[in-house]
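# Results of the structural survey
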Amino acid sequence: MATIAIGLDGANWTLLEEWLAEGALPNLERLIETGIGGTSESCLPPLTVPNWKCYATGKNPGKLGVFRFDRIDTESQTHTFHDATDFQSAELWDYLNDDGYTTGIVNKPSTYPPKSVDGFVVAGGPDASESEYRSLETGFTHPPDLADSLREELDYSVHPSPMISPSEKGAQEVDAILELIESRFEAAEWLLQREQPDFLHLTVFYNMALQHYFWRDEPVFRAWKVIDRNLARFMDDGHDLILLSDHGTCHVETVFYVNVWLEEHGYLTTTASLDRWLGRAGVTRERALSLAKRFGMVDVLSTVVPERVQKIVPWEEGVKRDRVLSAIDWEETRAVASTQGPLYLTLEPDSPAYEQTREELIDELRGLTHPETGDPIITDVHRGEEYYRGPYAESAPDLLLEQGPNVHTSDAIGPQSWHASTGVWKGGNMPNGLFLLNGPRFREGGLDGHARIVDLAPTILYAMDVAIPIDVDGTVLDVFPERVDDHLEYRQPLSGSSGDGRDATEEIEERLTDLGYLE
């Protein structure tokens, strides 16, 4: 029998508890009754990237060299967008392969471009993309011809069509995601039967897009009904099942426009830009994309309109992600932020003003509250090199913000106030996710446990009798019938990055933007 890990992007028990109590998710309820699990805590920031890699490696981002989807380089005044080749660590399937086990990975974010494994990889998530409007047709699998088989046998696609976006959240977009979720399970079951890997990982990703736009409303409930029904594919064949999430989802009650706050407090200065002029004139990406979909011109736009022109058109919320860098006066700016709170200083670290500015920001942001409600906006602020550990910790963002409950931090420049009660997302990211283990190797124990996301990889390795690399940050969870300490074995780590060094598309950020991850 196989060990099967099913990743549920953005899942947490708070999101699901009402539906479980109503008996609406019977298969998940069965797994809970005879399994063991609880809350899993993600690394900051609580995002798809880096946290799916934190799970797969058992390491914090300071040992991976990637801290979120992208990075602001204040020296060159540019964004850097990451792909799988940028992560400097082996993953749990590399260790399984090294010990003689075959592995299969389906749809896990941050696996594009796919690398060679003893088994198969089907890259997915938001990063396997050619552009904002076009999905990959080739190059998303290892071995390469597996893509043809998936399309021929299962009509498999990497992304839903039509694609959900801030302006297009109708029945067609929702149905496309529900069909895609179903197809993920279908592909995983087909590959399990065809290839018979010893270990299979499947991530369900686009449920998170629905949670962002609808929180717990009817489209999200429908998605979880699809997920629950499909869990039955793997439940009665003696497999060990591991359910986990990269982070959780909360209802957004406050949007914190961090760059607007930085400008109001003298840390950032903006300039007039074409993006902002277009926004004031009512020319936005939401409207452009809505019109393109209405007239069937999405493919035409993606091929005819140059990418640099597409990027200039702002979102309704304001100027975001890499365009933020073109809207600020770098000579008068000391700090700039990304969505979910990483802050980057423009000052040299050896400058006396650098640490002074960090201390000022920490003092002003730590404990920041809503001026009207008094609710916490930021609960803590960390120096990047102190929060992370490892050889790449010095490359971390200068500061990391811990968001308060029900707060979403946006990098948008343009809003009149640094806080708002509503924004693009109804559901935002939070650090607390979930984990649940069920099967012959695991004991029963309810949902009272606590784990860090980095604990899952060493726990899976231990469950499959594979020695644990000594450089992981995680520990083996107490989920087994026997005492773990009596059986632990360690090994030297494998070297090399998670990627195979192939050139990946320079446009993967477009897919992330459409979903709102790179605001």
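Coordinates for the structure precede this section.
Read on for a plain summary of the structure. What you see as residue numbers is a count from 1 along each chain, following the sequence as written. Per-residue local features are limited, in this predicted model, to residues with pLDDT of at least 70; the limit for side-chain atom pairs, both in listing and counting, is 80 or more; totals at the level of whole chains, interfaces and linings are taken over all residues. Just so you know, side-chain values use all the structure's heavy atoms and leave hydrogens and water out.

## Remarks on the nonpolar core
What is meant by a nonpolar core is a set of buried Ala, Val, Leu, Ile, Met, Phe, Trp, Tyr and Cys residues, joined one to another through side-chain atoms within 4.5 Å. Exposure categories follow from relative accessible area, calculated using a 1.4 Å probe and restricted to protein chains: below 20% of the type maximum is buried, above 50% is exposed, and the middle band is partly exposed. Grouped together as the largest cluster of nonpolar side chains are 65 residues, with contacts concentrated most on Leu 16, Leu 28, Leu 150, Phe 185, Leu 210 and Trp 224. In this description a helix means any DSSP run of H or I spanning at least four residues, a strand means any run of E spanning at least two, and both kinds are numbered starting from the N terminus. Per-element tally for this core: the top contributor is helix H6 (residues 171-195), with 11 residues. Contact between two residues is taken to exist if any of their heavy atoms lie within 4.5 Å; hydrogens are not considered. Residues contacting Leu 28, with those up to four places away along its chain left out, are Trp 13, Leu 16, Leu 20, Asp 228, Leu 231, Leu 243 and Leu 436. Counting 44 residues, the second-largest nonpolar core is a separate cluster that includes Trp 52, Val 66, Val 476 and Val 484.

## Things to note about helix H7 (residues 207-214)
Among the eight residues of H7, eight are classified as buried, and the element is accordingly described as predominantly covered. The set of residues buried in H7 consists of Asn 207, Met 208, Ala 209, Leu 210, Gln 211, His 212, Tyr 213 and Phe 214. Looking at the residues trailing H7, positive phi occurs at Trp 215, about 55°.

## A look at helix H16 (residues 456-463)
For H16, the buried fraction is high: eight of the eight residues fall into the buried class. Taken residue by residue, H16 has Leu 456, Ala 457, Pro 458, Thr 459, Ile 460, Leu 461, Tyr 462 and Ala 463 as its buried positions. Directly beyond the C-terminal end of H16, a positive phi value near 60° is found at Asp 465.

## Points about the environment of His 142
If you trace the backbone, His 142 turns up in strand E7 (residues 141-142). For His 142, a relative accessible area of 18% gives the class buried. His 142 has contacts with Pro 114, Lys 115, Ser 116, Val 117, Gly 119, Phe 120 and Val 121, leaving out every residue within four places of it along the chain. A polar contact of 3.3 Å, which involves the side chain of His 142, links it to the backbone oxygen of Val 117. In protein, a polar contact requires one atom able to donate a hydrogen and another able to accept it; more generally it is a pair of N or O atoms within 3.5 Å, and residues adjacent in sequence count only if both atoms are side-chain atoms.

## Thoughts on the sheet that holds strand E11 (residues 254-257)
The strand order across the open sheet built from three strands is E16-E11-E17, with neighbouring strands paired in mixed fashion. This sheet does not close on itself; its edge strands, each paired only once, are strand E16 (407-410) and strand E17 (419-420). Where E11 and E16 come together, four bridges link them in parallel fashion. Bridging across to E16, Val 255 finds its partner in His 408. Two strands form a pair only when DSSP identifies at least two bridges running between them.

## What to know about the sheet that holds strand E1 (residues 3-8)
Sheet strands associate in pairs through backbone hydrogen bonding, adopting either a parallel or an antiparallel arrangement. Strand order in the open sheet formed by nine strands is E7-E6-E5-E8-E1-E9-E19-E2-E20, with mixed pairing between adjacent strands. On the outer flanks of this sheet lie E7 and strand E20 (446-452), each paired with one strand and no other. Sheet analysis places strand E5 (residues 103-106) next to strand E6 (residues 119-122), joined by four bridges and oriented parallel. Considered in E6, the bridge of Ile 105 is made with Val 121. The axes used here are C-alpha line fits, helices contributing only the stretch in contact, and every angle between their N-to-C directions lies in the interval 0 to 180 degrees. Along the sheet, helix H3 (residues 48-57) contacts E1, strand E8 (199-204) and strand E9 (240-244); its crossing angle with E8, the most-contacted strand, is approximately 165°. Packed onto the sheet, H16 meets strand E2 (36-41), E8, E9, strand E19 (432-438) and E20 and runs at close to 180° relative to E9.

## Description of the layout of surface pockets
Which parts of space are left empty comes out when a probe the size of a water molecule is rolled across the atoms. Roughly 450 Å³ of volume is contained in the second largest pocket. Only protein atoms enter the calculation, which uses a 1 Å grid: trapped sets of points that fit a 1.4 Å probe without letting it out are cavities, open sets showing protein on both sides within 12 Å along at least five of seven lines are pockets, and any residue with an atom within 4 Å of a point is a lining residue. As for the second largest pocket, its lining consists of 22 residues, and the residues nearest its centre are Arg 71, Thr 74, Leu 345, Pro 349 and Asp 398. At the level of elements, strand E3 (70-73), strand E13 (343-345), helix H14 (352-365) and helix H15 (384-387) are the ones that each hand at least two residues to the lining of the second largest pocket. It is E3 that provides the largest number of residues to the lining of the second largest pocket, a total of three residues. Residue composition of the lining of the second largest pocket, by class: nine nonpolar, five polar and eight charged. Grid points are joined across faces, edges and corners, and a volume is the space filled by probe spheres set on the points. Under the convention adopted here, Pro, Cys and the residues Ala, Val, Leu, Ile, Met, Phe, Trp and Tyr are nonpolar, Asp, Glu, Lys and Arg are charged, and Gly plus all remaining residues are polar.

## A closer look at the packing of helix H2 (residues 26-33) against helix H8 (residues 218-231)
Relative to each other, H2 and H8 sit at 55°, their axes nearing to 7 Å. Between H2 and H8, the angle falls in the class oblique. Seen from H2, the contacting residues are Pro 26, Asn 27, Leu 28 and Leu 31; seen from H8, they are Asp 228, Arg 229 and Leu 231. Class assignment of the residues belonging to the contact of H2 with H8 gives a composition of four nonpolar, one polar and two charged. Geometric relationships in this document are graded by angle, where less than 35 degrees denotes roughly parallel, more than 145 denotes roughly antiparallel, 65 to 115 denotes roughly perpendicular, and other angles denote oblique.

## Quick look at the packing of aromatic side chains
Aromatic rings from Phe, Tyr and Trp, with only the six-membered ring used for Trp, were paired whenever their centres fell within 6.5 Å, and each pair was classed as stacked if the ring planes differed by under 30 degrees, edge-to-face if by over 60, and tilted otherwise. Counting across every chain of the model gives 13 aromatic pairs. Taking the centre distance of 4.8 Å and the plane angle of 55° together, the rings of Phe 67 and Tyr 388 count as tilted. Of this pair, Phe 67 sits in the loop between H3 and E3 while Tyr 388 sits in the loop between H15 and strand E15 (399-403), placing them 321 residues apart in sequence. Side by side, Phe 67 and Tyr 388 carry an identical accessibility label, which is buried. One aromatic cluster is present, built from ring pairs that chain together Trp 52, Tyr 55, Trp 93 and Phe 199. One cation-aromatic arrangement involves Lys 53 over Phe 87; the distance from NZ or CZ to the ring centre is 5.1 Å. In this scheme, the term charge over a ring applies when either NZ of a lysine or CZ of an arginine sits within 6 Å of the ring centre and within 35 degrees of the ring normal. Over the aromatic face of Trp 19 sits the side chain of Arg 216, whose NZ or CZ is 4.2 Å from the ring centroid.

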